[in-house]
Amino acid sequence: MRRLMTLFIFFTGILLFMSTAHAVPFTYNESIGGDLGILPAPTVFPFDIGVNSISGTLSWYPDPQPGAPSAHFFDDDSFAFSIPSGMQLTQVSFAFTLQSSLDPVAKTDMALLGGNGWPNPNLPPILAGASIDLKGASPVTPFGATLSLGPGTYAIGNNGWQGNGATANYQWNFIVTPVPEPATMLLLGSGLVGLVGFRRKFKK
Ligand SMILES: [Ca+2]
């Protein structure tokens, strides 16, 4: 029985190792990779298992103001990303630090989109949207605590602003996990049954 247990633990370990061995979460920092732009995004970021992160600085001045970079200035940090087959996006969080704001209100409206952008402005494929209060708590999970988005191309799009003259540093975190395959589930399930049996036998 002990030999069987050892074999089970060994093969489960091999399976878990195989599913995560080549995982390299994607990271993008505007200070290194350059400023992010508007949709449709020129490149699709290849996400992988783990915590993928996008960080940079948002800024907007819809009304001309002293100190503004230019009249009607929008630093619109939208981007696209892909979830490979066998993986799923389970959580999105947004951490931020407000650097400055000319108005009492500083909100950015973000949308989680299916596809690489807004092909039809009258019919945006919005999967989830959120108004993020940059004067409120950080971090936030703008599209819900848990998600289950399968393989495909998605985008984060800036859907509007409230207030004027706001600048904020931010970091998006995207948690991607492997989708357990039926064979793995079967092996783990039978292993658990074996464990229960072993424990009962041991107790007698
Ligand atoms: Ca930016």
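None of the values given here were measured: they were computed from a predicted structure.

Chemist: Describe the pairing of strand S7 (residues 107-114), naming the residues involved and giving the relevant values.
Modeler: Across seven bridges, S7 lies against strand S8 (residues 126-133) in antiparallel orientation. When the sheet's bridge partners are listed, Met110 is paired in S8 with Ala130. Examined bridge by bridge, S7 and strand S9 (residues 152-162) share eight bridges and lie antiparallel to one another. Note on S9: the bridge partner recorded for Leu113 is Ala155.

Chemist: Give me the lowdown on the sheet that holds S8, citing residues and values where you can.
Modeler: The five strands are arranged S2-S5-S9-S7-S8 in an open sheet whose pairing can be described as mixed. Two strands lie at the open edges of the sheet, namely strand S2 (44-46) and S8, each paired on one side alone. Neighbour-to-neighbour, the strand axes of this sheet turn through a mean angle of 25 degrees, independent of strand direction.

Chemist: Go over unusual backbone geometry, please, and point to the residues and values.
Modeler: Glycine aside, a negative phi is what most residues show, and trans is what most peptide bonds show. Here the residue pair Leu39 and Pro40 is connected by a cis peptide bond, since its omega of 0 degrees sits within 30 degrees of zero. Relative to the helices and strands, Pro40 resides in the loop between helix H2 (30-33) and S2. The residue after Ser138, namely Pro139, is reached through a cis peptide bond having omega 0 degrees.

Chemist: Explain the environment of Asp109 to me, using residue names and the numbers behind them.
Modeler: Looking at the element boundaries, Asp109 is found in strand S7. For Asp109, a count of 15 C-beta atoms within 10 Å translates into the label partly exposed. Here the alpha-carbon distance between Asp109 and Ser131, two residues 22 residues apart in the chain, equals 4.2 Å. In contact with Asp109, other than residues within four places in its own chain, are Gly129, Ser131, Asn159 and Gly160.

Chemist: If you had to explain the confidence of the model for the chain to someone new, which residues and values would you point to?
Modeler: Here the chain shows a mean pLDDT of 83. Residues at 70 or above account for 73%. Here helix H1 (residues 2-20) stands out as the least confident element of the chain, with mean pLDDT 55; strand S1 (residues 27-29) is the most confident, with 98.

What counts, and where the lines are drawn
Residues numbered from 1 in each chain as written. Predicted model: local features only at pLDDT ≥ 70, side-chain atom pairs only at ≥ 80, totals over all residues. Pairing = 2+ DSSP bridges. Helix = DSSP H or I, 4+ residues; strand = E, 2+ residues; numbered from the N terminus. Axes fitted to C-alpha atoms, helices over the stretch in contact; angles between N-to-C directions. Buried ≥ 20, exposed ≤ 12 C-beta atoms within 10 Å, placed from the backbone. Contact = placed C-beta atoms within 7 Å. pLDDT = per-residue confidence, 0-100.

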